[in-house]
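Here's the letter readout for the chains.
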There are 2 protein chains.
Amino acid sequence: MKVTVDLLEDFARGAAFLGTGGGGDPYIGRLAAQHAIEEYGPPELISLDELDDDTAVYPVVYIGAPTIFIEKLICGDDMDFALSKLEEITGRKAGAIISAEVGGVNSIVPFAVAARRGLPVVDADGMGRAFPEVQMVTFNVYGVPASPAVIVNEHLEHVVVHAHDAKSTENKLRAIATEMGLGAGLSCYPMTGKQVKDTAVGGTLSLAHGIGRAIVEGRKQGDPIESLLAYLRTTPYYNKCKVLFDGKIVDLLREVKGGWNIGTCVLEALDGGGSRMEIVFQNENLIARVDGKTKVIVPDLVCVVDRESGEPVTTETLRYGQRVKIIGVSAAPIMRTPEALAVFGPRMFGFDEDFVPIEDIA
Amino acid sequence: MKVTVDLLEDFARGAAFLGTGGGGDPYIGRLAAQHAIEEYGPPELISLDELDDDTAVYPVVYIGAPTIFIEKLICGDDMDFALSKLEEITGRKAGAIISAEVGGVNSIVPFAVAARRGLPVVDADGMGRAFPEVQMVTFNVYGVPASPAVIVNEHLEHVVVHAHDAKSTENKLRAIATEMGLGAGLSCYPMTGKQVKDTAVGGTLSLAHGIGRAIVEGRKQGDPIESLLAYLRTTPYYNKCKVLFDGKIVDLLREVKGGWNIGTCVLEALDGGGSRMEIVFQNENLIARVDGKTKVIVPDLVCVVDRESGEPVTTETLRYGQRVKIIGVSAAPIMRTPEALAVFGPRMFGFDEDFVPIEDIA
C-alpha cells in the first residue's frame, strides 16, 4: 500500500486516537509527512510478512514534551541525520523504517523519513499506542537493545548514547533532550527484520488509518463515536472498548516537568449527576478514575475525543470547558504479558495498583 | 622527568593551589595516580619542546562537582575507556596525554592514564588553573574544537557529544554528567602536538610541583606561605602575587546546583579590625572582595590556604571557623587576552565588572 498524501489526514487522526493523548499533534505530524511525500513521492507501507529477516530496520521518533512541538516545529533534516549517524555506527544501511509508537507525530514522521530515503515503512510499532519513555516499547520488553541511540537537535548537533539497558538509555536521552529544548529527533533500537517480527506490535499503522477513517465516515452518518467503536470492535487488539465518561473539563493542571508534560485533568459528567472523572497523564493518559474508582489503566488505552466530532484530543490541547468523551480501549495482548507489565504496567508509573484489563473492570 | 610516586604529593598539593579551590581534592588525585604508577611504572613528563607536531594528544578530565568526588571515588578504568572511545572515533591512537586544567585531581589523573598506557604527559594544560566549564580552556579560545567528546560513567556506559561549539558541548556534557551523578570521566579536545603548542599554557605541571615543594620546604623553615610567595615570584606566569586577607570563615553557603558546587564564603579579619572578605565560587573561586571592593577576579587566581601550614583548601572542604589566608595570583598572559576574557572573563560568570589584573588593583 502506498502512503499517499490524501491518506495522511486519516492516518494522523487515528494515530492521535491510539496515542492516548501523547505522540504529538496530528496536524503537525501530517504537515511534516505531507511536505516530504510531495517532494519525494509516497513511501510503501509493508506488512511484517513482507519484511525480510535480514533487513536493517530503524525506528525514528521525536523525543520531548508535545507542548514544545507546537512551538518548535520539526524539520525532517534532523531525523534523517539521526538515522544516518546510527547507520554509520552500526555499519548497516536502513532497508526499512519503523515507528516506535503510534501517535499524531511519531507514527507519521517515519513516512517523511522513508519518503526522503525511498524506503518502505513497516506496518507495526513498539506499543500500538504511545508511551512517554524510551524503554517502554515491546522492542525492549522482548530483548532488543535500545542503544546505540542517536539524538539530534535542530542545529544538527548530535549525541550518541551507549548504555547498558533501555532505562539507562532513557535517562541519558531525557537529560540531553531537555538540554536540547525538549524537542529532538531520535533513532535507536537498531533491529533486523527478524527482531522486528519477534517483538513489534503488528498492523498498527493500518489500524490507525482505519480508526481515522471510521471517525470521518461516522461524521457523515451523524455519530462518529459510534462508528469509531464499531470499527474498533473489528480489530485484533482494540476490540474491548467502551465510552467511560461524557463530561466537561472543569480542572486542568499541566506542566513541563522532568522532560515531559505532566498533569491531571478533571471532568464533570454532563448528565448532571455530579460524577467526576480524573485522568492522570505523563505526555500520555495513564489512568482514568470515576469518583475514585479506576476504570482503565496502562497499558490499556485512555483516549479523549471531542464529544461531537470524535476528534482525538491530545494532552497538550486539553483546555478548560472542553466537552469530551473518554473511551477506554484494550491494548494488544503482547502489551499485557508479565514481562511487558514489568516495563510499562501501572507500578512503573508510580500507581499503587496492579493492571486489570478493561474488560474485567465493572 | 619521570613522575615517580614520591613526587605526587608535592604535585597534587601545588596543583590544588593553582586549582583555586576547584579541580578536586589533592588526596584523591594522588591516590588515583599512585595506584596506577605503582602498577604500571612512572610516566614521563615532557615539555612542549619535546612534543612532536604530529603526535595525537588527548586531554582527560573528571567532570562534575568536587563534593561528589569525595564520596564517589574515581576508578581509572572510566578515564581509560573514555580515551579509547575517543581514539576510535578520531582514528588516531594517543601519543601523549595532557591535563585540561591544573587541579588536585584533574592534573594528577592524567598521570594515572598515561602510566596505564605507557604514554608521556605533556607539561602544560588548558588554563594554568582550574575552571568550571568545558569551553573555558585556551584550547577553545585559540581554535581547537571541543568535540567529539566522550563522557563515561562508573559502569562504563558512554555518551559521545558532537556539537558545533565548545559552549554547546559544555551544555550537553553538563546535562549528561548530572544524569551520571556529577562524577564522570571525560576525554575531549582531541589535538595534534602542533595544536597543543599553539594553544596550551606551558610548563604548568612542573610549576605545580614547584609550588607544592615550596610549601613543604617553607614548613621546615617556619613560614610556608612566605616560601610559596617567594617561589611564585620566580615563575613566568604567577609572579604577581600577594596575601590579600588573613581571616576566619564566618559564613559559608555551598550547594550542588546546575551541575557544580556553587557558593559564597565570608571571612572576618583576624586582626580585629572588622574587615570582611567575600569569595564567590563555582567549583573554583572566582572573585574575592574586601568590604565590597574587588581585590582579585577571574581569570586571575583566588587561592585559599591554611594560615599555618600553607595547605591549599578546596571549595568542597571549606568549613566554618577555618583560619585561612587568601592569596591572589596573576594568570598566564595567554589567559588575559581579549579573546580569552571573552570566554572566561568576569562577565562570563555573571559579574558586572571588567577584568583588572591583580597588579593593577590597589
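Just so it is clear, the model here is predicted, and its values are computed rather than measured. (Residues numbered from 1 in each chain as written. Chains lettered and ligands numbered in written order. Predicted model: local features only at pLDDT ≥ 70, side-chain atom pairs only at ≥ 80, totals over all residues. Heavy atoms only, no water.)

## Focus: the overall build of chain A
- Secondary structure summary: chain A contains 11 helices and 17 strands in total.
- The C-alpha atoms of chain A give 19 Å as radius of gyration, which agrees with the globular expectation for 362 residues (21 Å, within 12%).
- Taken along the three principal axes of its C-alpha coordinates, chain A extends 60 × 40 × 35 Å.
- The burial tally for chain A puts 63% of its 362 residues in the buried class.
- Long-range contacts, defined as pairs at least 24 residues apart, comprise 73% of the intrachain contacts of chain A with a sequence gap of at least 6.
- Surface exposure of chain A reaches about 12600 Å², of which carbon and sulfur atoms provide 50%.
- In chain A, 34 side chains carry a positive charge and 50 a negative one; their mean positions are 3 Å apart. (Helix = DSSP H or I, 4+ residues; strand = E, 2+ residues; numbered from the N terminus. Rg over C-alpha atoms; globule rule 2.2 N^0.38 Å. Buried < 20%, exposed > 50% of the residue type's maximum accessible area, 1.4 Å probe, protein only. Contact = heavy atoms within 4.5 Å. Areas by Shrake-Rupley, 256 points an atom, 1.4 Å probe, with all protein chains shown as cover. Lys, Arg positive; Asp, Glu negative; His and termini not counted. Charge placed at Lys NZ, Arg CZ, Asp CG, Glu CD.)

## A look at the domain arrangement of chain A
Residue and element names in this part refer to chain A.
- Per the domain assignment, the segments of chain A are domain 1 (5-202) and domain 2 (238-360).
- Look at where the C-alpha atoms of domain 1 and domain 2 centre, and you get two points 24 Å apart.
- Facing 40 residues of domain 1, the contacting portion of domain 2 comprises 36 residues.
- Regarding the contact of domain 1 and domain 2, the summed buried area is about 2900 Å², with carbon and sulfur atoms giving 66% of it.
- In this structure, the connection of domain 1 to domain 2 is made through 1 salt bridge. (Domains from an automatic or database assignment. Buried area = accessible area lost by both parts, 1.4 Å probe. Salt bridge = Lys/Arg side-chain N within 4 Å of Asp/Glu carboxyl O.)

## A closer look at the confidence of the model for chain A
- Looking at chain A, the pLDDT average stands at 94 and 97% of residues meet or exceed 70.
- If you check the scores for this complex, the pTM reads 0.91 and the ipTM reads 0.88. (pLDDT = per-residue confidence, 0-100.)

## Here we look at the packing of helix H9 (residues 204-221) of chain B against helix H10 (residues 224-233) of chain B
Residue and element names in this part refer to chain B.
- Where H9 meets H10, the closest approach of the two axes is 7 Å, and the angle between their N-to-C directions is 145°. Once H9 is placed against H10, the crossing between them reads as right-handed. Contacts between H9 and H10 involve Ser 206, Leu 207, Gly 210, Ile 211, Ala 214, Ile 215, Gly 218 and Arg 219 from the first element and Pro 224, Ser 227, Leu 228, Tyr 231 and Leu 232 from the second. (Axes fitted to C-alpha atoms, helices over the stretch in contact; angles between N-to-C directions. Left-handed = near helix turned anticlockwise from the far one by under 90°.)

## Overview of the pattern of salt bridges
- As enumerated under the stated definition, the model contains 56 salt bridges over all chains in all.
- Put simply, Lys197(B) and Asp53(B) hold a salt bridge, and the shortest N to O gap is 2.8 Å. Residue Lys197(B) is found in helix H8 (residues 193-199), and its partner Asp53(B) is found in the loop between strand E1 (45-46) and strand E2 (56-64); the two are separated by 144 residues along the sequence.
- With a relative accessible area of 32%, Lys197(B) lands in the partly exposed category.
- Exposure remark for Asp53(B): the relative accessible area of 32% places this residue in the partly exposed category.
- Residues participating in the shared-partner salt-bridge network are Glu9(A), Asp10(A), Arg13(A), Arg219(A) and Glu311(A).

## Description of the interface of chain A and chain B
- With 19 residues of chain A at the contact, the number on the chain B side is 19 residues.
- Carbon and sulfur atoms make up 55% of the area that chain A and chain B hide from each other, which totals about 1500 Å².
- The largest per-residue losses of area from chain A upon contact with chain B belong to Glu157(A), Lys172(A) and Glu179(A), which jointly make up 37% of the total buried on that side.
- In this structure, the salt-bridge partner of Lys172(A) is Glu157(B), at a minimum N-O distance of 3.2 Å.

## Focus on the sheet that holds strand E13 (residues 276-282) of chain A
Residues and elements named next belong to chain A.
- What the 7 strands build is an open sheet, ordered E15-E14-E13-E12-E11-E17-E16; its pairing is antiparallel. Each edge of the sheet is formed by a strand with only one pairing partner; in this case those strands are strand E15 (293-297) and strand E16 (301-306). Across the sheet, the axes of successive neighbouring strands diverge by a mean angle of 35°, strand direction being ignored.
- Pairing of strand E12 (residues 260-269) with E13 involves 7 bridges; the strand directions are antiparallel. Note that in E13 the partner of Cys 265 across the bridge is Ile 279. (Pairing = 2+ DSSP bridges.)

## Quick notes on the environment of Tyr231(B)
All names here are of chain B.
- Mapped onto the fold, Tyr 231 is located in helix H10.
- Tyr 231 sits in the partly exposed class, given a relative accessible area of 24%.
- Considering only alpha carbons, one finds Tyr 231 and Ile 108, 123 residues apart in sequence, at a separation of 21 Å.
- In this structure, Tyr 231 is in contact with Ser 206, Leu 207, Gly 210, Ile 211 and Ala 214, ignoring residues within four places of it in sequence.

## Considering the packing of helix H1 (residues 5-18) of chain B against helix H2 (residues 26-40) of chain B
All names here are of chain B.
- Where H1 contacts H2, the axes come no closer than 9 Å and their chain directions differ by 150°. It follows from the interaxial angle that H1 and H2 lie roughly antiparallel. In this structure, H1 meets H2 at a crossing whose hand is right-handed. In this structure, H1 contributes Val 5, Leu 8, Glu 9, Ala 12, Arg 13 and Ala 16 to the contact, and H2 contributes Pro 26, Arg 30, Ala 33, Gln 34, Ile 37 and Glu 38. (Parallel < 35°, antiparallel > 145°, perpendicular 65-115°, else oblique.)

## Here we look at the sheet that holds strand E14 (residues 284-290) of chain B
Residues and elements named next belong to chain B.
- Taken together, the 7 strands give an open sheet; going across it, the order is E15-E14-E13-E12-E11-E17-E16, and neighbouring strands pair in antiparallel fashion. Of all the strands in the sheet, the pair left with one neighbour each is strand E15 (293-297) and strand E16 (301-306). Direction aside, neighbouring strands of the sheet carry axes that sit 35° apart on average.
- Strand direction decides the pairing type here: E16 and strand E17 (residues 323-329), joined by 6 bridges, are antiparallel. The partner of Val 304 across the bridge, within E17, is Ile 326.

## Topic: helix H9 (residues 204-221) of chain A
Residue and element names in this part refer to chain A.
- With 18 residues, H9 should cover 26 Å at 1.5 Å per step; its first-to-last C-alpha distance of 25 Å lies within 8% of that length.
- Within the span of H9, buried status applies to Thr 204, Leu 205, Leu 207, Ala 208, His 209, Gly 210, Ile 211, Gly 212, Ala 214, Ile 215 and Gly 218.
- Just past H9, the residue Gly 222 takes up positive phi, approximately 95°. (Expected span 1.5 Å × (residues − 1).)

## Quick notes on unusual backbone geometry
Residue and element names in this part refer to chain A.
- Ser 147 connects to Pro 148 through a cis peptide bond whose omega is 5°.
- With respect to the element layout, Pro 148 can be found in the loop between helix H6 (138-141) and strand E6 (149-152).
- Phi is positive for Thr 20, which is not a glycine, with a value near 50°.
- By secondary structure assignment, the location of Thr 20 is in the loop between helix H1 (5-18) and helix H2 (26-40).
- Residue class for Thr 20 comes out buried when judged on its relative accessible area of 0%.

## Overview of the environment of Gly258(B)
Residues and elements named next belong to chain B.
- You can see Gly 258 is positioned in the loop between strand E11 (241-257) and strand E12 (260-269).
- Given a relative accessible area of 53%, Gly 258 falls into the exposed group.
- Linking Gly 258 and Arg 174, residues 84 residues apart in sequence, is a C-alpha distance of 8.2 Å.

## Describing helix H7 (residues 166-179) of chain A
All names here are of chain A.
- The first and last C-alpha atoms of H7 sit 20 Å apart over 14 residues, in line with the 20 Å expected at 1.5 Å per residue.
- Burial runs high along H7: 10 of the 14 residues are buried.
- Residues of H7 that are buried: Ala 166, Ser 168, Thr 169, Glu 170, Lys 172, Leu 173, Arg 174, Ala 175, Ile 176 and Ala 177.
- Taking the backbone nitrogen of Lys 167 as reference, a side-chain oxygen 3.0 Å away marks Asp 165 as the first, capping residue of H7. (Polar contact = N/O pair within 3.5 Å; in protein donor to acceptor, adjacent residues only side chain to side chain.)

## A look at the relation of the copies chain A and chain B
- Superposing chain A onto chain B takes a rotation of 180° plus a shift of 0.0 Å along the axis, which leaves an RMSD of 0.0 Å. Such values leave the two copies arranged in the relation of a two-fold axis. Across chain A, the smallest distance between a C-alpha and the rotation axis is recorded for Val160(A), namely 2.4 Å.
- A symmetric contact is evident, with 100% of the interface residues of chain A recurring at the interface of chain B. (Least-squares fit on C-alpha atoms with pLDDT ≥ 70 in both.)

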